[in-house]
Structure formats: structure tokens, C-alpha cells
Amino acid sequence: EKGANLGVYRDVGYWMDIGTPEKYVQTHRDIFTGGCNLTEADFAQDDVFVDPTATLADNVYLDGNVFVGRCAEVGSYSQLAETVVGDGAVVGRGSYLEDVIIWPGAHIPPYSVFQETILAELDGQLIQFPYESLNIQMEGSRVSHEKRQ
């Protein structure tokens, strides 16, 4: 009515409003199950994607779906299951991570144990957002081994 133009972009790809913690975690799970395709990783074909610029030390164990981003580092004897390691993040030696999303640039101390959480770093401090505290409902473990106590 007022002569304003309206533009439309039609896309048949995946789209999710990740404005809530539940939707943010769900999008990561959709990537792992093939519901959302990434150009660099095809989880419908392979369970693990490690960017060519990432560094995995000796004796790293990856179980289930794992994504290791650009220039990320995973220390020796670490175990990752159903985990996203963001670009430039560092996972310290001997760490155990299950169903974890690590934001880019975060540094996880050696021998850390985290499950069902989002990890970020702000001003040198590691910040944890456990799924439970974000009211994210878990449907049980998605990996093939028992959780550590």
C-alpha cells in the first residue's frame, strides 16, 4: 500500500531459529544425524570429521559423531563422543567429553570430564552451560559405551 518493496529468498535447505538453547543443541544433533548438511562434513557418510588444519595428538579416541573444527587441537589420550570442537578450540590431554559443544577458541584444561554441556571461554575463564540447567531434555545417551562416573 505504501509502495515499499519486499524481497524473498527461497531456499530448500535446512533452517532453524537457534535463539533458544534447545534449538541450538538440536541443530548440532541434526548435523550429526544428517538432517542438516555441512559443506565440509557429511555425517550421513562418516561419523567423524576432522578439519585438515586441526591437530589430533597420539592416542585420541573418537566415538560416535565427532566434529573437530579448523585449527583445533585435541590432546593425547583424550576421548570424545558425540562432541563438537569449535574452530581454534584446545582440548587438554586426557580429557573425556561426551555430548559436548565447545565454542571456538575455548581451552579445555587437561584431564577434564564434561558431559551434556556447552563450553565457552570468556576473558580466559571457562564457562559451562549444562544441558540440564538450560532445561534441555535428554533422550538418553547416544553413544555406544557407558558413561564414566
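Residues numbered from 1 in each chain as written. Predicted model: local features only at pLDDT ≥ 70, side-chain atom pairs only at ≥ 80, totals over all residues. Heavy atoms only, no water.

Draft legend 1. Spotlight on the nonpolar core. In this structure, V68, V85, V91, L97 and I102 are the most contacted members of the largest nonpolar core, which totals 16 residues. Of all the elements in the fold, those that place two or more residues in this core are β3 (61-68), β5 (79-85), β7 (96-102) and β9 (113-122). The element contributing the most residues to this core is β7, with 3 residues. Not counting residues up to four positions away in its chain, the partners in contact with L97 are Q79, L80, A81, T83, V91, I102 and F114. (Core = buried A, V, L, I, M, F, W, Y, C linked by side-chain atoms within 4.5 Å. Buried < 20%, exposed > 50% of the residue type's maximum accessible area, 1.4 Å probe, protein only. Helix = DSSP H or I, 4+ residues; strand = E, 2+ residues; numbered from the N terminus. Contact = heavy atoms within 4.5 Å.)

Draft legend 2. Empty space enclosed by the protein, seen in detail. Scanning the entire structure with this criterion turns up 2 cavities of 30 Å³ or more. Here the largest cavity defines a volume of roughly 70 Å³. Looking at the largest cavity, it is lined by 12 residues, and the ones nearest its centre are H28, R29, F32, E82 and D99. Counting residues per element, the ones that place at least two in the lining of the largest cavity are α1 (21-33), β5 and β7. Broken down by element, the residue count for the lining of the largest cavity peaks at 4 residues, all from α1. (1 Å grid on protein atoms, 1.4 Å probe; cavity = no way out; pocket = protein on both sides within 12 Å on 5 of 7 lines; lining within 4 Å. Points joined across faces, edges and corners; volume = space filled by probe spheres on them.)

Draft legend 3. Structural context of the sheet that holds strand β6 (residues 90-91). In spatial order, the strands read β2-β4-β6-β8; together these 4 strands make up an open sheet with parallel pairing. Two strands in the sheet have a free side with no partner beyond their single neighbour: β2 (55-56) and β8 (107-108). Judged from the 2 bridges that link them, strand β4 (residues 73-74) and β6 form a sheet pairing that is parallel. The residue bridging V74 from the neighbouring strand is V91, located in β6. (Pairing = 2+ DSSP bridges.)

Draft legend 4. Summary view of α1. The end-to-end C-alpha distance of α1, which contains 13 residues, comes to 19 Å, matching closely the 18 Å that a straight helix rising 1.5 Å per residue would cover. Tucked into the core, α1 has its buried residues touching β3, β5, β7 and β9. (Expected span 1.5 Å × (residues − 1).)

Draft legend 5. Examining the pattern of salt bridges more closely. The tally for this structure, following the rule as stated, stands at 2 salt bridges. Between D99 and R29 there is a salt bridge, with the nearest N and O atoms lying 2.8 Å from each other. Of this pair, D99 sits in strand β7 while R29 sits in helix α1; the two residues are 70 residues apart in sequence, bridging distant segments of the chain. Relative accessible area serves as the criterion here: at 10%, D99 is assigned to the buried category. A relative accessible area of 12% places R29 in the buried class. A salt bridge links R70 to D87; the nearest nitrogen and oxygen atoms lie 2.7 Å apart. (Salt bridge = Lys/Arg side-chain N within 4 Å of Asp/Glu carboxyl O.)

Draft legend 6. Spatial organisation of the sheet that holds strand β10 (residues 125-130). Taken in spatial order, the 6 strands of this open sheet run β1-β3-β5-β7-β9-β10, and their pairing is mixed. Because the sheet does not close on itself, it has two edges, and the strands there are β1 (48-50) and β10. Strand after strand, the sheet turns through a mean of 30 degrees between neighbouring axes, direction not considered. Alignment of β5 against β7, held across 5 bridges, turns out to be parallel. (Axes fitted to C-alpha atoms, helices over the stretch in contact; angles between N-to-C directions.)

Draft legend 7. Expanded view of the pairing of β10. Inspection of the sheet shows β9 paired to β10 by 6 bridges, in the antiparallel sense. Looking at β10, one finds that A120 is bridged to I127. From the end of β9 to the start of β10, which pair antiparallel, there are 2 residues, and D123 there has a positive phi angle of about 50 degrees.

Draft legend 8. Highlighting unusual backbone geometry. A positive phi is found at C71, a non-glycine position, where the angle reads about 60 degrees. We note that E82 has phi near 50 degrees; this positive angle belongs to a residue other than glycine. As for its placement among the helices and strands, E82 is situated in strand β5.

Read these as layout, nothing more, since geometry by itself doesn't imply function.
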